[in-house]
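Each chain, letter by letter, is given below.
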Amino acid sequence: MNPVTIHPDPAAAGAAIAADIADLIRRRQAEGRPTVLGLATGATPVPVYRELVRLHQEEGLGFEGVRSFNLDEYWPIDPAHPRSFARFMREELFVPAGLDPKDCRIPDGLTPMPQLAEACRAYEQAIRDAGGIDLQLLGIGLSGHIGFNEPGALAGSRTRLVELAESTRLRAAPAFGEEEVPKRGISVGIGTILEARQIVLLAFGEEKAEIVARARQDEPSVAIPATLLRSHPDLRWVLDEAAARRL
Ligand code: F6R
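Focus on the pairing of strand S10 (residues 235-240)
- A large share of S10 lies buried, amounting to six of its six residues.
- Burial of the side chains of S10 extends over both faces: Leu235, Trp237 and Leu239 are buried on one face and Arg236, Val238 and Asp240 on the other.
- Inspection of the sheet shows strand S1 (residues 4-7) paired to S10 by four bridges, in the parallel sense. Residue Thr5 lies in a different strand from S10, and its bridge partner there is Val238.
- Note: strand S9 (residues 198-203) against S10, five bridges, orientation parallel. Within S10, the position partnered with Leu202 by the bridge is Val238.
- Regarding the hand of the β-α-β motif, the stretch spanning S9, helix H7 (residues 209-217) and S10 is right-handed.

Spelled out as structure tokens, the structure:
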């Protein structure tokens, strides 16, 4: 079974993962090699980003040589929109940690429909050209979704336009206020994620306890996309005590 580490709270988990990421970056910098990170949005990775920002601002961690690829973005959405994942990443990590915007890729929520297929292929190619993802950070949705790989997503899926599950849109609705939550998104696939050399799956809080247990214990199936990641040779779960309650 994929290993699991349980921390007392999300801040402790975030600090531990940020320390691992900082080690990886420093090792690669010493070797003159790039570090390629796969990044997620939502509440879950925020403690990791907070600690990376602190390490940058207080302990001089530099992000030279770091390239990043985010998992997903709403479509259509303007990258300047307050709820876009592009804006979230700029505010939570890229700007305060001093990352160079040209090194940080996120699927473009303004890609016109006729160019989407080509843009998705180009995103996959950019990941390969960067040397592949060294470390992929993931959160899990209550449905077991990973990125915008909603139930039904195939193990071999690639970056593509996807329909968002109703539960995903409902959860995002308060943040969008009066505005309608986009019905679709662009997401890297389960197949793309499985090619990362290392995967860190984070989950915090009581509300995630049941899906964490099912993702680890149910038969792998498209009904719970996270189960499709279990075959990965270097996937570990990082939980707080509340999310680990059903294990
Ligand atoms: C978003 C993503 C999703 C979220 C999941 C959990 O880039 O990858 O899989 O991680 O929806 O969201 P939160 O963290 O807000 O509970």
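Some thoughts on the sheet that holds strand S2 (residues 35-39)
- With parallel pairing, seven strands are arranged side by side in an open sheet as S1-S10-S9-S6-S2-S3-S5. At either end of the open sheet lies a strand with only one pairing partner, and these are S1 and strand S5 (104-105).
- In the sheet, S2 pairs with strand S3 (residues 66-70) via five bridges, with the strands oriented parallel. Bridge pairing in S3 places Thr35 opposite Val66.
- Across the sheet, helix H1 (residues 10-31) lies against S1, S2, S3, strand S6 (135-139), S9 and S10, angled at about 145° from S10, the strand it touches most.
- Against the sheet, helix H4 (residues 116-129) makes contact with S3 and S5, and its axis sits at roughly 150° relative to S3, the strand it touches most.

Details of the nonpolar core
- Counting 33 residues, the largest nonpolar core has Ile21, Val48, Tyr49, Leu52, Leu93 and Leu137 as its most contacted members.
- Mapped onto this core, the elements with two or more residues apiece are H1, S2, helix H2 (46-59), helix H3 (85-94), S6 and S9.
- The element that contributes the greatest number of residues to this core is H1, accounting for seven residues.
- Setting aside anything within four residues of it in sequence, one finds Val48 in contact with Gly14, Ile17, Ala18, Ile21, Leu137 and Leu202.
- Core analysis: the second largest hydrophobic core is formed by 32 residues, Ile146, Leu228, Leu235 and Ala244 among them.

Topic: the side chain of Ser157
- Within the element layout of this structure, Ser157 appears in the loop between S6 and strand S7 (160-163).
- A distance of 2.9 Å separates a polar atom in the side chain of Ser157 from the backbone nitrogen of Ile190.
- In this view, Ser157 contacts Asn149, Gly189, Ile190, Gly191 and Thr192; residues no more than four positions away in its chain are not counted.

Parameters at a glance
Residues numbered from 1 in each chain as written. Predicted model: local features only at pLDDT ≥ 70, side-chain atom pairs only at ≥ 80, totals over all residues. Heavy atoms only, no water. Buried < 20%, exposed > 50% of the residue type's maximum accessible area, 1.4 Å probe, protein only. Helix = DSSP H or I, 4+ residues; strand = E, 2+ residues; numbered from the N terminus. Pairing = 2+ DSSP bridges. Right-handed = clockwise from strand over helix to strand, strands pointing away. Contact = heavy atoms within 4.5 Å. Axes fitted to C-alpha atoms, helices over the stretch in contact; angles between N-to-C directions. Core = buried A, V, L, I, M, F, W, Y, C linked by side-chain atoms within 4.5 Å. Polar contact = N/O pair within 3.5 Å; in protein donor to acceptor, adjacent residues only side chain to side chain.

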